[in-house]
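# An overview of the molecular structure
Residue-level listing of the chains:
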Amino acid sequence: MSTAIWVVVALVVVAVLAAAGYLATTRSRTARLRRRFGPEYDRVLEREGGRAAAERELRSREQRHQELELRDLDPRRREEYREQWVRVQERFVDAPEAAVEQADQLVTVVMGERGYPTHGFEEKVAHLSVEHGRTLDHYRRAHTISGKAATKEASTEDLRQAMVHYRALFEELLAPHGEGHHGKGEEHTTRNPAKHAPHAEQHTAERTDEHAGKHAAAPAAPAGPAAGHRGDDRTMRS
């Protein structure tokens, strides 16, 4: 064959190898982002309307996340926050709406102490999604119910579910870095977050169920992570 033909063949081979390399890199990046962000990947994909735009957004979140100075909680502070959660949960018995509001505030305080921004719900979600993507649906559901509670549209069972959802993220934020984050997200969503809580919560949870029964018939647990997160669903009942 002539030199020109060899040149053409070489260019074709190079182009095929480059395309194969690009495709492999793209697939690897997509798989990595799906593993890291969990259900949040699909949420962003739907919102952005395409994979390329969605992955640009998620990579941007990763870059902003790297700029945060995140830190673990001191063990003593961790236990103090758990004690505060017990008090918030105890308040649910007599003032469920106020307890849900306090749960939201407590989760936000823990975020701040860990080093996360605490202004603007979507901004908080964006930063949390990098390491807590598999727990974000709990946080979104809790936030939605809190909005309904503010307008007196949430039932007692709704409010109980909000406490369960807040608890999921609360426990994950308390965990030392690397435990319950993106690498172990699926593990976290199936374990019982109440297993680390003080035993005093068991009595409080029983009283909470009695209170819920007096105020509203308990509907079926909502679909999605809350229904699958059986450990969290027992938080107010354990």
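Residues numbered from 1 in each chain as written. Predicted model: local features only at pLDDT ≥ 70, side-chain atom pairs only at ≥ 80, totals over all residues. Heavy atoms only, no water.

Further remarks concern the pattern of salt bridges. Tallying each qualifying case throughout the model produces 20 salt bridges. The partner of Glu-57 in a salt bridge is Arg-61, with the nearest N and O atoms 2.9 Å apart. Of this pair, Glu-57 and Arg-61 both sit in helix H3 (residues 51-66), four residues apart, roughly one helical turn. Arg-61 carries the same exposure label as Glu-57, and that label is buried. A salt bridge links Lys-152 to Glu-97, with the shortest nitrogen-to-oxygen separation between them at 2.9 Å. Of this pair, Lys-152 sits in the loop between helix H7 (136-150) and helix H8 (156-174) while Glu-97 is found in helix H5 (residues 96-114), placing the two residues 55 residues apart along the sequence. Residue class for Lys-152 comes out exposed when judged on its relative accessible area of 61%. When salt bridges that share partners are traced, they join Glu-40, Arg-43, Glu-57, Arg-61, Arg-64, Glu-122, Asp-137, Arg-140 and Arg-141 into one network. (Salt bridge = Lys/Arg side-chain N within 4 Å of Asp/Glu carboxyl O. Helix = DSSP H or I, 4+ residues; strand = E, 2+ residues; numbered from the N terminus. Buried < 20%, exposed > 50% of the residue type's maximum accessible area, 1.4 Å probe, protein only.)

Take the confidence of the model for the chain next. For the chain, the average pLDDT comes to 77, and 71% of its residues sit at 70 or higher. When the criterion is pLDDT under 50, residues 181-235 qualifies, and its contacts beyond four places in sequence or with other chains add up to 96 contacts. (pLDDT = per-residue confidence, 0-100. Contact = heavy atoms within 4.5 Å.)

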